[in-house]
Amino acid sequence: MLFRSEGTSDPDPQVQLTAVNALRRLRERGGAKQLNSLLNERNPHVRAAAIRALGDLGEKDAAPRILSLLRDDSSYVRSAAAEALGKLGDRTAILPLLHVLSGEANTNDVAAGLVVGTGDKFLAELQLNQVQTKTRAVEALGVLRAPEAVEPIIDYGLDRKST
């Protein structure tokens, strides 16, 4: 079975990704319930794909759950959530997206890196993941036409002072 009502057992993630991406391309809302159930999936790539599909399908009912995924352990999921919230036009996402833009690294990412002791390579990947997530947040804030985001966006992307 490709989709389940619970995220407890893991079928092949590649099969799930293929199905999610097919639904996304079809632009049909018939699979929205199943896509919502995948927001609980263990595999972060499957969660991120389901989020992107829900955003592309315009599933506004999924916005509150997607909003909560801005705090997910996975940077893939956080980035997809920021992107989807912009597509959904959910103005309640403005403040959380501003927080993403100004925030530090996700503490779970940092803790994971410290536990496994991956050093410089981990820090470089963490920085790249932060940039990708913040970039999606900036794009979403632009789509949401949030005037309160102008200054933080300038600070983030345009006002880089050299030292």
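In this report, the structure presented in the accompanying data block is examined. (Residues numbered from 1 in each chain as written. Predicted model: local features only at pLDDT ≥ 70, side-chain atom pairs only at ≥ 80, totals over all residues. Heavy atoms only, no water.)

This paragraph deals with the overall build of the protein. Within the protein, the secondary structure is distributed over 9 helices and 0 strands. The N-to-C order of helical and strand elements in the protein reads α-α-α-α-α-α-α-α-α. Every one of the 163 residues in the protein was classed for burial, and the buried ones make up 45%. A sequence separation of at least 24 residues applies to 67% of the contacts in the protein between residues at least 6 apart. Working note: accessible area of the protein is about 9,300 Å², and carbon and sulfur atoms make up 55% of it. (Helix = DSSP H or I, 4+ residues; strand = E, 2+ residues; numbered from the N terminus. Buried < 20%, exposed > 50% of the residue type's maximum accessible area, 1.4 Å probe, protein only. Contact = heavy atoms within 4.5 Å. Areas by Shrake-Rupley, 256 points an atom, 1.4 Å probe, with all protein chains shown as cover.)

Another point: the pattern of salt bridges. The final tally for this structure, using the stated rule, is 7 salt bridges. Its salt-bridge partner being D56, residue K87 comes within 2.5 Å of it at the nearest N-O pair. One end of the pair, K87, is in helix 5 (residues 75-88); the other, D56, is in helix 3 (residues 44-57), with 31 residues separating them in the sequence. You can call K87 partly exposed: its relative accessible area is 42%. Residue D56 is classed as buried on the basis of its relative accessible area, which comes to 17%. (Salt bridge = Lys/Arg side-chain N within 4 Å of Asp/Glu carboxyl O.)

Two residues of an α-helix separated by three or four positions point the same way, owing to the 3.6 residues in each turn. With 14 residues, helix 1 (residues 13-26) ought to run about 20 Å at 1.5 Å a step, and its terminal C-alpha atoms sit 20 Å apart, in line with that. Along helix 1, the positions that sit buried rather than exposed are Q16, L17, A19, V20 and L23. Along the long axis of helix 1, the arc covered by the buried residues comes to 165°, so they all point the same way. Within helix 1, the exposed residues directed more than 90 degrees away from the buried face are Q14, R25 and L26. Where helix 1 is buried, its residues meet helix 2 (32-37) and helix 3. Of the residues flanking the start of helix 1, the one acting as N-cap is D12, its side-chain oxygen 2.9 Å from the backbone nitrogen of Q14. The positive-phi residue at the C-terminal boundary of helix 1 is R27, with phi of around 60°. (Expected span 1.5 Å × (residues − 1). Arc of directions from axis to C-beta. Polar contact = N/O pair within 3.5 Å; in protein donor to acceptor, adjacent residues only side chain to side chain.)

Taken together, the side chains of V150, I154 and L158 define a hydrophobic patch exposed on the protein surface, amounting to about 290 Å² of accessible area. Within the fold, I154 resides in helix 9 (residues 150-157). Assessed through its relative accessible area of 37%, I154 is described here as partly exposed. (Patch = residues over 30% accessible without salt bridge, like charges linked within 9 Å, V, L, I, M, F, W, Y side chains within 5 Å.)

Where helix 3 meets helix 5, the axes come as close as 8 Å, and the angle between the chain directions of the two elements is 5°. Classified by the interaxial angle, the pair formed by helix 3 and helix 5 is roughly parallel. In this structure, helix 3 contributes P44, H45, R47, A48, I51, R52, L54, G55 and D56 to the contact, and helix 5 contributes Y76, V77, A80, A81, E83, A84, K87 and L88. Partitioning the contact of helix 3 with helix 5 into residue classes produces 10 nonpolar, 2 polar and 5 charged. (Axes fitted to C-alpha atoms, helices over the stretch in contact; angles between N-to-C directions. Parallel < 35°, antiparallel > 145°, perpendicular 65-115°, else oblique. Nonpolar A, V, L, I, M, F, W, Y, C, P; charged D, E, K, R; others polar.)

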